Amino acid sequence: MRKIGTQEIVVFLCLLALILLLGVGSAVLLLGLLPPGEFRAVAVVCAAVLLVYLFAFAVYRLCLRVLPLRAGAAAPGSREEFAANLNILFYLLLFNSLIRTHFLPLPLLRLVYLALGARLGSNTYSAGALLDPPLTTIGSDSIVGHDAVIFAHVIEGDRLELRPVMIGNRVTIGAHAVIMAGARIGDGAIISVGAVLTKDSVVGAGEVWGGIPARLLRKQA
């Protein structure tokens, strides 16, 4: 795994300071609008946490506009590597605890993924983790099961590459399944519980895959 450079860390820390300043500052301003009381401080703390995340979503999406995540290999020292490493820092230090928590209800978690750039069709929800939302597309009426993981990056030694994941409509991803970078899953397909779909796998429409590594088990009638 490549070391994240000082430049990326400095840029992220500056953005984080901006996010905290905007979030906490806005919450403190709200303090003057609230009537005095013993719960005012609690309300301000809750508001600060909420506002920090809202500003974090806004700053993150702005970063994606300036430094979009592009599919393909990220050469050392390239703009693509800078964007990928900045994305990793945002995920590890800000969004990981939010995405991996089991506290948020699924409709709210859906909004979080949409705010982070995932493309989700109507009536599609994830009880698992989408580790690269900007590179993940899922159609309508699909479900990602409990603690399943979908990621669109390849980190192998010194190699860093981004490969989008495309999932169709009416797809079921079983609990604890792993969908690796570059996977393509057709409409109506099922990935069984605990399956590991390897890089660049192509699952046809209506197919059922399972196992480690995942393979075609049957095709639905």
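Note that this is a predicted model, so its numbers are computed, not measured. (Residues numbered from 1 in each chain as written. Predicted model: local features only at pLDDT ≥ 70, side-chain atom pairs only at ≥ 80, totals over all residues. Heavy atoms only, no water.)

Caption draft 1: Spotlight on the sheet that holds strand β4 (residues 129–130). The strand order across the open sheet formed by 4 strands is β4-β7-β12-β15, and the pairing between neighbours is parallel. Only two strands of the sheet have a single neighbouring strand rather than two, namely β4 and β15 (196–197). As paired elements, strand β7 (residues 149–150) and strand β12 (residues 178–179) share 2 bridges and run parallel to each other. Its bridge partner being in β12, Val 149 is matched across the sheet by Val 178. (Pairing = 2+ DSSP bridges. Helix = DSSP H or I, 4+ residues; strand = E, 2+ residues; numbered from the N terminus.)

Caption draft 2: Seen up close, the pattern of salt bridges. Summed over the entire model, instances satisfying the criterion amount to 5 salt bridges. Note that Lys 199 and Glu 156 form a salt bridge whose closest N and O atoms lie 2.5 Å from each other. Here Lys 199 is found in the loop between β15 and β16 (202–203), whereas its partner Glu 156 is found in strand β8 (residues 153–156), with 43 residues between them in sequence. Take Glu 156: its relative accessible area is 36%, and that puts it in the partly exposed class. Close ionic contact of Arg 163 with Glu 161 constitutes a salt bridge, the shortest N to O distance being 3.2 Å. What makes Arg 163 buried here is its relative accessible area of 13%. The exposure class of Glu 161 is buried, given its relative accessible area of 15%. One network of salt bridges, with partners in common, ties together Glu 156, Arg 159, Glu 161, Arg 163, Lys 199 and Asp 200. (Salt bridge = Lys/Arg side-chain N within 4 Å of Asp/Glu carboxyl O. Buried < 20%, exposed > 50% of the residue type's maximum accessible area, 1.4 Å probe, protein only.)

Caption draft 3: How the structure looks around the nonpolar core. Residues Phe 90, Phe 95, Ile 173, Ile 179, Ile 185, Ile 191 and Leu 197 are the most contacted members of the largest nonpolar core, which totals 61 residues. Mapped by element, the contributors of at least two residues to this core are α1 (6–31), α2 (40–66), α3 (79–99), α4 (106–115), β4, β7, β9 (159–162) and β10 (165–167). It is α3 that provides the largest number of residues to this core, a total of 12 residues. If sequence neighbours within four positions are ignored, Ile 191 has contacts with Thr 172, Ile 173, Gly 174, Ala 177, Ile 179, Ile 185, Leu 197, Val 203 and Trp 209. Core analysis: the next-biggest nonpolar cluster, separate from the first, contains 5 residues, Ala 27, Ala 47, Ala 48 and Leu 51 among them. (Core = buried A, V, L, I, M, F, W, Y, C linked by side-chain atoms within 4.5 Å. Contact = heavy atoms within 4.5 Å.)

Caption draft 4: Geometry of the sheet that holds strand β1 (residues 72–73). Strand order in the open sheet made by the 3 strands is β1-β9-β8, with antiparallel pairing throughout. At either margin of the open sheet sits one strand with a lone partner, and together these are β1 and β8. One ladder, built from 4 bridges, connects β8 with β9; its direction is antiparallel. When the bridges of β9 are listed, His 153 appears paired with Leu 162.

Caption draft 5: Structural view of the side chain of Arg 110. Positionally, Arg 110 belongs in helix α4. With no salt bridge to any partner, buried Arg 110 finds its closest opposite charge in Asp 141, at an N-O distance of 8.9 Å. Within the structure, the side chain of Arg 110 is placed 2.8 Å from the backbone oxygen of Thr 124, a separation counted as a polar contact. If we ignore the near neighbours within four places in the chain, the residues touching Arg 110 are Leu 120, Gly 121, Ser 122, Asn 123, Thr 124 and Tyr 125. (Lys, Arg positive; Asp, Glu negative; His and termini not counted. Polar contact = N/O pair within 3.5 Å; in protein donor to acceptor, adjacent residues only side chain to side chain.)

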